[in-house]
Protein chains: 2
Amino acid sequence: MWMLLAKNLLRTKFYEDCSRILLQIPKGRPSYQKCFLSISKPWLHSARIVQAVQTFNIDTAIQKVETLEEKQFICVHWEDGSESLYPSVWLRDNCQCPDCFLHSAKARKLLLENLDINVEVKDVILTEQKKKVNIVWPDDHTSEFEAEWLKKRCFSDQARAKAQEELFLSERQYWGSDLELPTMDFEEVLHSDESAYKWLVTLKKVGIVLLTGAAIKQGEILKLGQRIGFLRLTFYGPTWQVQDKLDANNVAYTNEKLSFHTDYPVLQFPPGIQFLHCIKQTSTGGESEVVDGFHVANRFKEQNPYAFKILTSTFVDFTDIGVDYCDFAMQAKQRIIDVDENGQVVRINFNNA
Amino acid sequence: MWMLLAKNLLRTKFYEDCSRILLQIPKGRPSYQKCFLSISKPWLHSARIVQAVQTFNIDTAIQKVETLEEKQFICVHWEDGSESLYPSVWLRDNCQCPDCFLHSAKARKLLLENLDINVEVKDVILTEQKKKVNIVWPDDHTSEFEAEWLKKRCFSDQARAKAQEELFLSERQYWGSDLELPTMDFEEVLHSDESAYKWLVTLKKVGIVLLTGAAIKQGEILKLGQRIGFLRLTFYGPTWQVQDKLDANNVAYTNEKLSFHTDYPVLQFPPGIQFLHCIKQTSTGGESEVVDGFHVANRFKEQNPYAFKILTSTFVDFTDIGVDYCDFAMQAKQRIIDVDENGQVVRINFNNA
C-alpha cells in the first residue's frame, strides 16, 4: 500500500533561484524563510473584494407580493416573471430594523428566545416604488426588506448555488507533473489590487503560486502576509529559517533529504497557506519538489479503494517535541487522508519525520 | 426544535467580582479583557509533564526474543511472563540509529522510499544484560532497541489503551446547573508547576476553571498565556476589550443582552481555550452565563434524535465582516453540532449574531 502511494506521488521538479517566493512547497535543502498565514480563507479577507463579487446585475423590481400556506410564507413575484418564496419565520428572524439588527456589526440582535418559530405574517405591503416589502407581525412589530436584499437571498436551488459559488469559489485544478506553475510578480501582488486578487483566486484553485522578484532578504514574507491579513504564530516562531542547524530540532533543519510531507500534522489546525522564500540557494542540490496531494488521493481512491479506505479511517499518532519559540510537546491522532461527508478529500496529514 | 434546544440550555449563573479570570465563559455586559490561546492541547505543552506521565513502573527485563511468522514478527518474552509482538517492518521503520533517526529532533530520518515493507529480520540477539535487543537486517544494517523503549510501545490492546490515556487524558465531566465551578488561585497557577498542571487537567476535564486573585488591570491574560504557551492572534487583535463601544463591530461591544454562543464560528479553526478577565464590573447587571454545550448536545440527542440529526448534518452559513485589528470578511459553512466518526459530539458552532 505504501509503495503504491509513493509511486502515485507525481513529482513536479523545478529549481529555484534566490528571488522567488514559493507557496505551499515542501521544504528542501535551501535556506528558506518560512511562515504560515492565520486566515483560513484569505481570498475572502478583503471586504472590498467580497462586496465586488456580491454585486448582482439583476432586475429587482417587484410586481406583487402575497402570503401563502396560511401566512407561513411570503411569495415575491418579480417583474421578470420569476418568483421567490420566503418562510415567514426566516423573515422575522432576519428583520433588519435597528431593534433586531446591529448594522455597524452586520449582526443579528434579536435573541433566539424571543423568536416565535410559528410566527405568521399579519400583513404584507409592497411600497409605492415597488422596491421595498413591508411586513407587519402579529405583535405589530414591522420589518422592511429591500427588493435587492430579498433577491440576493432567494431560496431557489439555482440562486443559492450561484451565491455559494460566488462566496466560496469552488473551482479546483488538480495537477500532476504536467503542471505549468502559475507565476506572478511579487511587487505587482503587493501593489496592485487586481494582481493580489488574481494571486489569491489562483492559489485557491491550484494550491500553489510562484512569486518572483522579491528582494533577497528576510522580511519579504511579512510584507506578503500583511498584504492580505497577518502571519500566524507557531511554536517554531512567527517565521523560521529553514537551514542546516546544530542540534536541529527538526529534520528540515539539516542537509538531509526530506520526503514529501505536509507541515505541522501534529496541529489540530495545521497551516492553510504557507509562504516559503528562498533567500540563499545552496551551490549544488537544493531541489524542491511539490505534489498535489488531492490529485494523488483521488487517483489512489480509484486505483486502490481498499488502501484508500484504510488511510481515510485509521488514526496515526503524530508527535512533535522540542524547544524553539517556546518549549513544546504536541501529540495528535490524525488520519492520513481526511474526507468530508461526501467522501471528498479535504485534508492530507502526511509526514514521515 | 430550536425551542427544545433553548430549553436544554441548562444555565449556570454566577456573579463575577473584579479579580477573577474566567475561562470559556460567554461574553456578558462587563468590561472584559479577552483572548484565546493558540495551543490546541496546552495540557500536553510542557515536555516536562509529558515525560512525567510517560514514566512506566514496569519490569522491563527480557527473558528471551524470537522471530515468528517467517521472520515478519519479533516476539519479546518479558521476565514477568508477558509477551510483546512487534512487526519487523515497524521495527525497521523505527530504527533508532543515527542514520535512521535524528535524536535532537526526536524524528525519523529514514525515507519512506527506502523502506522495504516486506523486510524480514535476518538475525535477532538479546544482549548480555538482557536490556537491549539487537536486530540485523538482510542488508546487514543493524538496529538496537532498549527494553524499556520496546515495552512502552507494546502493541497489546491494554498497553495501547494505557499509553493513549496517558497522552490524551480522555476523562470528561459533563455538567448542568449543579456544577460546582472549579476555582483556583491565579498567582498559584502562575508560580507553582503543580497548580498549573492541576489547572490544565481540570480545564481539559470540565472545560471551565475560575481563577481568582489576578490584578485588576490589563496584561494578566498575557501572563497566563505565556505560562503555558502563547496567545493566538485573530482579526480582533491579540486581546480585545469587551465593552460598550460606538459603532460596535460586534454585538458583544454593546450593552445588549447576548444569548448563549460559541465564539468565532466563522473560523475554520475556532478557539480551543479562551481567557476572559473581568477588569471592571458594571454597577448593575453584567451577569455571565455558561453552559456545557456537550452536555446539552448529548441530552438533546437522547430526547430528540431527529432534531439532533438535522443539527449534525445541516450546514449553516456564518459571516463576519468588519474592521478591527485588520479589515476582514469571513465566510464559512458549519454544522451546529459536529460529531466524530463514532457519533461523539466534538464541537459546537452556535452563534445567533
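All values derive from a computational prediction rather than experimental measurement.

Notes on the overall build of chain A
Okay, so step 1: On a plain count of helices and strands, chain A comes out with ten helices and 21 strands.
Okay, so step 2: For chain A, the residues scored as buried account for 51% of the 353 residues in total.
Okay, so step 3: Contacts in chain A between residues at least 24 apart in sequence constitute 67% of all its contacts with a sequence separation of at least 6.
Okay, so step 4: Carbon and sulfur atoms make up 49% of the accessible area of chain A, which totals about 16,700 Å².

Section: the sheet that holds strand E10 (residues 132-136) of chain B
Backbone hydrogen bonds hold the strands of a sheet together, and the pairing may be parallel or antiparallel.
All names here are of chain B.
Okay, so step 1: Read from one edge to the other, the open sheet built from three strands follows the order E9-E10-E11, with strand pairing classed as antiparallel. Bordering the open sheet on either side are strand E9 (123-126) and strand E11 (142-146), each of which pairs with just one other strand. With strand direction ignored, the average angle separating the axes of adjacent strands in the sheet is 20°.
Okay, so step 2: As paired strands, E9 and E10 are joined by four bridges and run antiparallel to one another. Each residue of the ladder has a partner; that of valine 124, found in E10, is isoleucine 135.

What to know about the packing of aromatic side chains
Okay, so step 1: Taken as a whole and assessed by the stated rule, the structure comprises 27 aromatic pairs over all chains.
Okay, so step 2: Where tyrosine 86 of chain B meets phenylalanine 155 of chain B, the ring centres are 6.2 Å apart and the plane angle is 85°; that geometry is what we call edge-to-face. With tyrosine 86 of chain B in strand E6 (residues 83-87) and phenylalanine 155 of chain B in the loop between helix H4 (147-152) and helix H5 (157-168), the pair connects residues that are 69 residues apart, well separated along the chain.
Okay, so step 3: We classify tyrosine 86 of chain B as buried; its relative accessible area is 1%.
Okay, so step 4: Under the relative-accessibility criterion, phenylalanine 155 of chain B is labelled partly exposed at 31%.
Okay, so step 5: Cluster of aromatic residues (ring-pair linked, three or more members): Tyr86, Trp90, Phe145, Trp149 and Phe155 of chain A.

Quick look at the pattern of salt bridges
Residue and element names in this part refer to chain B.
Okay, so step 1: In total, this model carries 24 salt bridges over all chains according to the counting rule given.
Okay, so step 2: Across the salt bridge formed by lysine 151 and aspartate 80, the nearest N and O atoms sit 3.6 Å from each other. A residue pair is termed long-range when its members are at least 10 positions apart, and lysine 151 in helix H4 and aspartate 80 in the loop between strand E5 (73-78) and E6 qualify at 71 residues.
Okay, so step 3: Owing to a relative accessible area of 13%, lysine 151 belongs among the buried residues under this scheme.
Okay, so step 4: You can call aspartate 80 partly exposed: its relative accessible area is 44%.

Things to note about the packing of helix H9 (residues 293-303) of chain B against helix H10 (residues 305-313) of chain B
Residues and elements named next belong to chain B.
Okay, so step 1: Two numbers describe how H9 lies on H10: the axes approach to 6 Å, and their chain directions differ by 130°. One way to sum up the angle between H9 and H10 is to call them oblique. From H9, Ala297, Phe300, Lys301, Glu302 and Gln303 reach across to H10, where they touch Pro305, Ala307, Phe308 and Leu311.
Okay, so step 2: In terms of residue class, the contact of H9 with H10 is made up of six nonpolar, one polar and two charged.

Remarks on unusual backbone geometry
Okay, so step 1: The backbone of lysine 71 of chain A sits at a positive phi, close to 65°, despite the residue not being glycine.
Okay, so step 2: Its place among the elements puts lysine 71 of chain A in the loop between strand E4 (62-68) and strand E5 (73-78).
Okay, so step 3: Taking relative accessible area as the criterion, lysine 71 of chain A reaches 33% and is therefore assigned partly exposed.
Okay, so step 4: At aspartate 140 of chain B, a residue that is not glycine, the phi angle is positive and equals roughly 70°.

Here's the deal with the side chain of lysine 109 of chain A
Okay, so step 1: Within the secondary structure, lysine 109 of chain A sits in the loop between strand E8 (107-108) and strand E9 (123-126).
Okay, so step 2: Side-chain polar atoms of lysine 109 of chain A contact the backbone oxygen of proline 98 of chain A, separated by 2.9 Å.
Okay, so step 3: Filtering out sequence-adjacent residues up to four positions away, lysine 109 of chain A remains in contact with Pro98, Asp99, Cys100, Phe101 and Leu102 of chain A together with Glu256 of chain B.

Observations concerning the environment of serine 104 of chain A
Okay, so step 1: Summarising the element assignment, serine 104 of chain A is placed in the loop between strand E7 (101-102) and E8.
Okay, so step 2: What makes serine 104 of chain A partly exposed here is its relative accessible area of 31%.
Okay, so step 3: Measuring from C-alpha to C-alpha, the distance between serine 104 of chain A and aspartate 317 of chain A comes to 45 Å, with 213 residues separating the pair along the chain.
Okay, so step 4: Beyond its immediate sequence surroundings of up to four residues, serine 104 of chain A is in contact with Asp247, Ala248 and Asn249 of chain B.

Considerations on the pairing of strand E21 (residues 345-348) of chain A
Residues and elements named next belong to chain A.
Okay, so step 1: Note: strand E20 (residues 337-339) against E21, three bridges, orientation antiparallel. Each residue of the ladder has a partner; that of valine 339, found in E21, is valine 345.
Okay, so step 2: The turn linking E20 back onto E21 is made up of five residues, and glycine 343 within it adopts a positive phi angle of 85°.

Concerning the packing of helix H7 (residues 193-206) of chain B against helix H8 (residues 220-228) of chain B
Residue and element names in this part refer to chain B.
Okay, so step 1: Two elements in contact, H7 and H8, have axes whose closest approach is 11 Å; the angle formed by their N-to-C orientations is 95°. As the angle between them shows, H7 and H8 are arranged roughly perpendicular. Within the contact between the two elements, H7 uses Asp193, Ala196, Trp199 and Leu200 and H8 uses Leu224, Arg227 and Ile228.
Okay, so step 2: Classifying every residue of the contact of H7 with H8 gives five nonpolar, no polar and two charged.

Considerations on helix H5 (residues 157-168) of chain A
Okay, so step 1: Here H5 of chain A is twelve residues long and its end C-alpha atoms lie 16 Å apart, about the 16 Å a rise of 1.5 Å per residue gives.
Okay, so step 2: Of all the positions in H5 of chain A, only Ala163, Leu167 and Phe168 of chain A are classed as buried. On an axial view of H5 of chain A, the arc spanned by its buried residues comes to 110°, and they lie on one face.
Okay, so step 3: In the core, the buried residues of H5 of chain A are packed alongside helix H7 (193-206) of chain A together with strand E18 (315-323) and strand E19 (327-335) of chain B.
Okay, so step 4: The first or second residue beyond H5 of chain A is leucine 169 of chain A, which carries a positive phi of 45°.

Thoughts on a negative patch on the surface
Residues and elements named next belong to chain A.
Okay, so step 1: A contiguous patch of negative charge on the surface is contributed by Glu69, Glu70, Asp116 and Glu120.
Okay, so step 2: Relative to the elements of secondary structure, glutamate 70 occurs in the loop between E4 and E5.
Okay, so step 3: Overall, glutamate 70 belongs to the exposed group, its relative accessible area being 70%.

Thresholds, definitions, all that
Residues numbered from 1 in each chain as written. Chains lettered and ligands numbered in written order. Predicted model: local features only at pLDDT ≥ 70, side-chain atom pairs only at ≥ 80, totals over all residues. Heavy atoms only, no water. Helix = DSSP H or I, 4+ residues; strand = E, 2+ residues; numbered from the N terminus. Buried < 20%, exposed > 50% of the residue type's maximum accessible area, 1.4 Å probe, protein only. Contact = heavy atoms within 4.5 Å. Areas by Shrake-Rupley, 256 points an atom, 1.4 Å probe, with all protein chains shown as cover. Pairing = 2+ DSSP bridges. Axes fitted to C-alpha atoms, helices over the stretch in contact; angles between N-to-C directions. Phe/Tyr/Trp six-rings, centres within 6.5 Å; stacked < 30°, edge-to-face > 60°. Salt bridge = Lys/Arg side-chain N within 4 Å of Asp/Glu carboxyl O. Parallel < 35°, antiparallel > 145°, perpendicular 65-115°, else oblique. Nonpolar A, V, L, I, M, F, W, Y, C, P; charged D, E, K, R; others polar. Polar contact = N/O pair within 3.5 Å; in protein donor to acceptor, adjacent residues only side chain to side chain. Expected span 1.5 Å × (residues − 1). Arc of directions from axis to C-beta. Patch = residues over 30% accessible without salt bridge, like charges linked within 9 Å, V, L, I, M, F, W, Y side chains within 5 Å. Lys, Arg positive; Asp, Glu negative; His and termini not counted. Charge placed at Lys NZ, Arg CZ, Asp CG, Glu CD.

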